[in-house]
Amino acid sequence: MNEKNINILRRAFLVAIAVAISIQVCNFFNLSHFYAAIGALNVSDINDSKTRKQAYDRVITTVFGGTIACLICLLGFQENLVMYIFGLCVVCCFNEMVVKVPSAVGCIAFTYIMLNVDPTKTPIGYLLERVIGTFAGVAIISLVITLHNYLFNKAEMKKKVPPTPKGDLKKLFLKGLEPGLAVILGLSLVQFINHFFDPEYITNYTLYYCALAIVVPFRLEWSELLLRTKERFLSTVFGGIVAFIIYFSGFRGTLWCAIGIILVIIITEIFVKVPASLGGIVFMFIMVNMKRPGLTPMIYYTNRVYGTAVGVITIILFSFIFNKVVEKYKLKGVKLKRPKIKNFNLSRRKK
């Protein structure tokens with residue numbers, strides 16, 4: 001087995017330990033199992049310095065992304081798509097220029113609140129639940145990784161991660177504007193297609209996962225966009241398959257959540273060769289977060305796969321068209337200059 005796969009297996013077991021501890025801590029303090037588990041899953045890295053940085057980034061960007069959404073909701077603009085685009089630009093610019101943390105997770109919290117995915121939760125209530133659960137999860141995985149490196153791999157503790165560089169305002173504004181416009185297109189497509197499906201399987205979560213598939217992997221570089229969207233869809237599918245097998249086999253509880261996380265990471269990262277983070281999120285939602293009345297594993301999984309598929313198709317089409325328009329605009333704006341040609345005397349000088 002090569003070194004890369006050995007590191008994946010090591011990380012899988014460390015994440016499983018952190019998830020198991022997180023669930024027990026959440027039981028004691030009555031916190032969200034789901035956000036603690038995905039916090040542990042998404043910031044894990046063999047390098048503890050990188051893990052701590054990712055943990056800090058995830059908590060801070062969640063706080064500010066959710067806070068901006070709550071402020072907009074208090075002004076009475078929840079579910080307003082124009083304010084959604086504006087707010088998305090603010091989240092990207094504020095997080096990456098002022099706080100200097102990646103904005104992706106902040107955009108997720110912002111999107112959940114703005115789309116009013118679960119009307120039974122207040123914006124502030126959801127934000128508190130997410131922030132506290134996330135903090136519990138990332139704190140535990142950070143301690144687990146550091147303890148592992150202290151005991152077995154002290155050389156890894158010496159590696160430091162550079163801080164996130166300050167972003168460019170124009171690029172960050174476009175980073176919010178472009179996917180925001182694409183989200184409107186994606187939501188319109190979902191609402192149109194929904195006329196041909198049983199409404200039981202189409203919920204606010206469908207719109208939410210469509211929006212996430214657009215916002216999170218959005219890149220201007222075409223090849224990277226295709227790669228990220230492919231990874232997102234495959235991870236969703238295989239993480240859900242593992243959850244279904246364990247859930248419907250009657251295996252529940254902390255131990256099976258830990259075993260399932262190991263299986264998700266091994267299957268997605270070693271065999272399917274895509275990141276396991278999204279598959280782990282799908283797995284944990286099915287295993288520990290089926291609390292809303294009428295939300296069954298099949299309905300959730302259908303919502304997630306369908307919404308993700310529409311979002312992936314939307315962002316690919318939107319990015320393709322957008323880049324074509326930009327290229328055409330640039331070509332029109334270029335002034336072609338006639339090259340200067342020097343006059344050479346080709347006649348030989350007479351001696």
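Conventions we followed
- Residues numbered from 1 in each chain as written.
- Predicted model: local features only at pLDDT ≥ 70, side-chain atom pairs only at ≥ 80, totals over all residues.
- Heavy atoms only, no water.
- Patch = residues over 30% accessible without salt bridge, like charges linked within 9 Å, V, L, I, M, F, W, Y side chains within 5 Å.
- Areas by Shrake-Rupley, 256 points an atom, 1.4 Å probe, with all protein chains shown as cover.
- Salt bridge = Lys/Arg side-chain N within 4 Å of Asp/Glu carboxyl O.
- Helix = DSSP H or I, 4+ residues; strand = E, 2+ residues; numbered from the N terminus.
- Phe/Tyr/Trp six-rings, centres within 6.5 Å; stacked < 30°, edge-to-face > 60°.
- Buried < 20%, exposed > 50% of the residue type's maximum accessible area, 1.4 Å probe, protein only.
- pLDDT = per-residue confidence, 0-100.
- Contact = heavy atoms within 4.5 Å.

Caption draft 1: A look at a nonpolar patch on the surface. Together, Ile-313, Leu-317, Phe-320, Ile-321 and Val-325 make up an exposed nonpolar region whose accessible area comes to about 490 Å². Within the secondary structure layout, Ile-313 lies in helix 12 (residues 297–333).

Caption draft 2: Main features of the packing of aromatic side chains. Tallying each qualifying case throughout the model produces 17 aromatic pairs. With a centroid separation of 5.2 Å and 85 degrees between ring planes, the pair formed by Phe-34 and Phe-285 is classed as edge-to-face. Of this pair, Phe-34 sits in helix 2 (residues 33–42) while Phe-285 sits in helix 11 (residues 277–288), and the two are 251 residues apart along the sequence. Residue class for Phe-34 comes out buried when judged on its relative accessible area of 6%. Owing to a relative accessible area of 4%, Phe-285 belongs among the buried residues under this scheme.

Caption draft 3: Unusual backbone geometry, seen in detail. Of note in this structure, Lys-100 is not a glycine but carries a positive phi near 60 degrees. Tracing the chain through its elements places Lys-100 in the loop between helix 4 (81–99) and helix 5 (104–114). The class of Lys-100 is partly exposed, set by a relative accessible area of 40%. Look at Asn-116: it is not a glycine, yet its phi comes out positive at around 55 degrees. Mapped onto the secondary structure, Asn-116 falls in the loop between helix 5 and helix 6 (123–152). Here Asn-116 falls in the buried class, since its relative accessible area comes to 17%.

Caption draft 4: Just the confidence of the model for the chain, in detail. Taken residue by residue, the chain gives an average pLDDT of 86. The fraction at 70 or more is 90%. When mean pLDDT is compared element by element in the chain, helix 10 (residues 254–271) scores highest at 96, while helix 12 scores lowest at 81. This stretch, residues 334–351, has a pLDDT under 50; its non-local contacts, to residues over four places away or in other chains, come to 0 contacts.

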